[in-house]
Amino acid sequence: MNATPAPAQALPAGSYTDQFWTSQDGLKLHYRDYSGPADRPVVLCLPGLTRNARDFAHVAQRLGGKWRVVCPDLRGRGDSAYAKDPASYNPLQYVEDMGALFDQAGIERFVGFGTSLGGLMTMIMAITMPDRLVGALLNDVGPEVSPEGLERIRSYVGQGRSFPTWMHAARALEEAQGLVFPDYSASQWLGVAKRCMVVGSNGRIVFDYDMRIAEPLSQPGGQSGADLWPAFQALTGKPVALLRGELSDVLSADVFARMAKALPQAEAVTVPRVGHAPMLDEAAAASAIDRLLARVA
């Protein structure tokens, strides 16, 4: 099944259609397609390891009508099919899946908004798709990942926990990640829960991803084995925004400073009072997005 390009008729700003494309190994994969002008590059929003297209709803709604925004569910997440082979849960495979999406949906040029894993993908695409990638936002990720942050991620991915109610799920997230978002209210934690979880077949609240995405993380090198500095340098000459959560344990302040020095045309912004990773609804993040897209436009 091929993806269906954006509808010809204008949709209300901030609305989207659910679309699907097919990977080279036959998986039916899902994306949200928020309508926007055809004469501008697509804003492609790539989520973190355990997240999905819903993470970018507020970004897409804010940009609604001014930019076409495409928010994929990576294989094994959200409404995309789960892989038969868990070894395919790796950044190179995800990038190959994006190439299939571009070909089937007719996407010629895009600005990559990459959070965490999505940022690793964006850097890889700077090398593998240099003519298509016209700008990038790297959200709390760089060519080096702090071992402490990677170990924390490994500690919770794939545990398969479930909860009787949404409030129980929100409280569990707060207990696990309260240091990452110290100022979050109960309603904000509830919003996070509803973006990363769903009601399972037994009526309990479960995380919205294939628990087997954790398996490649246990292999030597895990999620950060390759030297990504050459991929990062491939962003040279393109409009780029670099974001780091002030409290991040994944992107260190030292690596962030080295990134800014290595890519002098990039704007480096620290998002206060959050860790890994900013949700992109923070004032500092939203302003950085607007400045980046002004440069692209």
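Look up: the structure comes first, before these words.
Residues numbered from 1 in each chain as written. Predicted model: local features only at pLDDT ≥ 70, side-chain atom pairs only at ≥ 80, totals over all residues. Heavy atoms only, no water.

### Points about the sheet that holds strand S4 (residues 69–72)
Then, in step 1: Judged by pairing direction, the sheet is mixed, and its 8 strands sit side by side in the order S1-S2-S4-S3-S5-S6-S10-S11 without closing on themselves. The sheet is open, and its two edges are formed by strand S1 (16–22) and strand S11 (267–271), each paired on a single side. Across the sheet, the mean angle from the axis of one strand to that of its neighbour is 20°, orientation sign disregarded.
Then, in step 2: Here 5 bridges tie strand S10 (residues 240–245) to S11, and the two strands are oriented parallel to one another. Within S11, the position partnered with Arg 244 by the bridge is Thr 270.
Then, in step 3: Running at roughly 145° to strand S5 (residues 110–115), helix H3 (residues 117–128) makes contact with strand S3 (42–46), S5 and strand S6 (133–139) of the sheet. (Pairing = 2+ DSSP bridges. Helix = DSSP H or I, 4+ residues; strand = E, 2+ residues; numbered from the N terminus. Axes fitted to C-alpha atoms, helices over the stretch in contact; angles between N-to-C directions. Contact = heavy atoms within 4.5 Å.)

### Thoughts on the environment of Thr 115
Then, in step 1: Within the element layout of this structure, Thr 115 appears in strand S5.
Then, in step 2: A sequence separation of 30 residues divides Thr 115 from Asp 85, and the C-alpha atoms of the two residues are 24 Å apart.
Then, in step 3: Setting aside residues no more than four positions away along its own chain, Thr 115 makes contact with Leu 46, Pro 47, Gly 48, Phe 56, Asn 139, Ala 277 and Leu 280.
Then, in step 4: Polar side-chain contacts of Thr 115 include one of 2.9 Å to the side chain of Asn 139. (Polar contact = N/O pair within 3.5 Å; in protein donor to acceptor, adjacent residues only side chain to side chain.)

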